[in-house]
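Each chain, letter by letter, is given below.
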Amino acid sequence: MVKRKILNEKHTLIFTPHFPYNTKSKGRYKALLGIGGNIGDVVRRFEHLFWYFKRSSFVHMVETAPILKNPPFGYLEQGDFYNSLILVETHLTPQALLRYMLRVEKVFGRKRLFKDGPRTLDIDIIFYENVKMDTKSLTLPHPAWMQRDSVLIPLSMMKGRIS
């Protein structure tokens, strides 16, 4: 069952059986993942991703946020995006978690056409514990997360603590 709640003319919250979701912590490293997409049935893809992660030995899902439908940023000549957040626990290092997320994106059909372009699934690491880093492949916390409604609105709906 999918329920929708219109926040304003630009933003709609979508509630599905697994967005939001909350369970017990297992006490590993916590990471907040941002998920998004705007190609195909993204809400259904998020539900498939939920079950993919439930079966994963690399991450333990602790909590998800409702799904937010919102306008694109950067490249504006494309459809609205659907975004949510997933709080996970993992034994992976930040770099190993990034490699795993890139593999998951490929499993779900991600093709990188151009910056801020349309996509089936995008997974970003927003936070990893209290780690701060800036390398060629990974910046933590995720740059500009504080300016993005696609992070701030779902984050405001979450109960859990990031670190």
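In short, a report on the structure. Computed from a predicted model, the values in this text were never measured in an experiment. (Residues numbered from 1 in each chain as written. Predicted model: local features only at pLDDT ≥ 70, side-chain atom pairs only at ≥ 80, totals over all residues. Heavy atoms only, no water.)

### Topic: a nonpolar patch on the surface
Side chains of Y75, L113 and F114 sit close together on the surface and give an oily, nonpolar patch of about 310 Å² of accessible area. One can find Y75 in the loop between β6 (67-70) and β7 (81-90). Classification of Y75 by relative accessible area gives partly exposed; the value is 33%. (Patch = residues over 30% accessible without salt bridge, like charges linked within 9 Å, V, L, I, M, F, W, Y side chains within 5 Å. Areas by Shrake-Rupley, 256 points an atom, 1.4 Å probe, with all protein chains shown as cover. Salt bridge = Lys/Arg side-chain N within 4 Å of Asp/Glu carboxyl O. Helix = DSSP H or I, 4+ residues; strand = E, 2+ residues; numbered from the N terminus. Buried < 20%, exposed > 50% of the residue type's maximum accessible area, 1.4 Å probe, protein only.)

### Let's talk about the pattern of salt bridges
One pass over the full model with this rule turns up 3 salt bridges. The residue R110 makes a salt bridge to D122 at a minimum N-O spacing of 2.9 Å. One end of the pair, R110, is in the loop between α2 (94-107) and β8 (122-128); the other, D122, is in strand β8, and 12 residues separate them in sequence. Neither residue differs from the other here; R110 and D122 are each classed as buried. Residue R119 is joined to D122 by a salt bridge in which the shortest nitrogen-to-oxygen separation is 3.2 Å.

### Let's talk about the environment of Q95
Among the structural elements, Q95 can be located in helix α2. Under the relative-accessibility criterion, Q95 is labelled partly exposed at 33%. Between the C-alpha atoms of Q95 and T135, which are 40 residues apart in sequence, the distance is 9.8 Å. If we ignore the near neighbours within four places in the chain, the residues touching Q95 are M133 and L138. (Contact = heavy atoms within 4.5 Å.)

### Observations regarding the side chain of N83
One can find N83 in strand β7. The class for N83 is buried, based on a relative accessible area of 12%. Within the structure, N83 has its side chain in polar contact with the backbone oxygen of I35 (distance 3.4 Å). Not counting residues within four places of it along the chain, the set of residues in contact with N83 comprises I35, G36, F46, P66, I67, L68, N70, S150 and P154. (Polar contact = N/O pair within 3.5 Å; in protein donor to acceptor, adjacent residues only side chain to side chain.)

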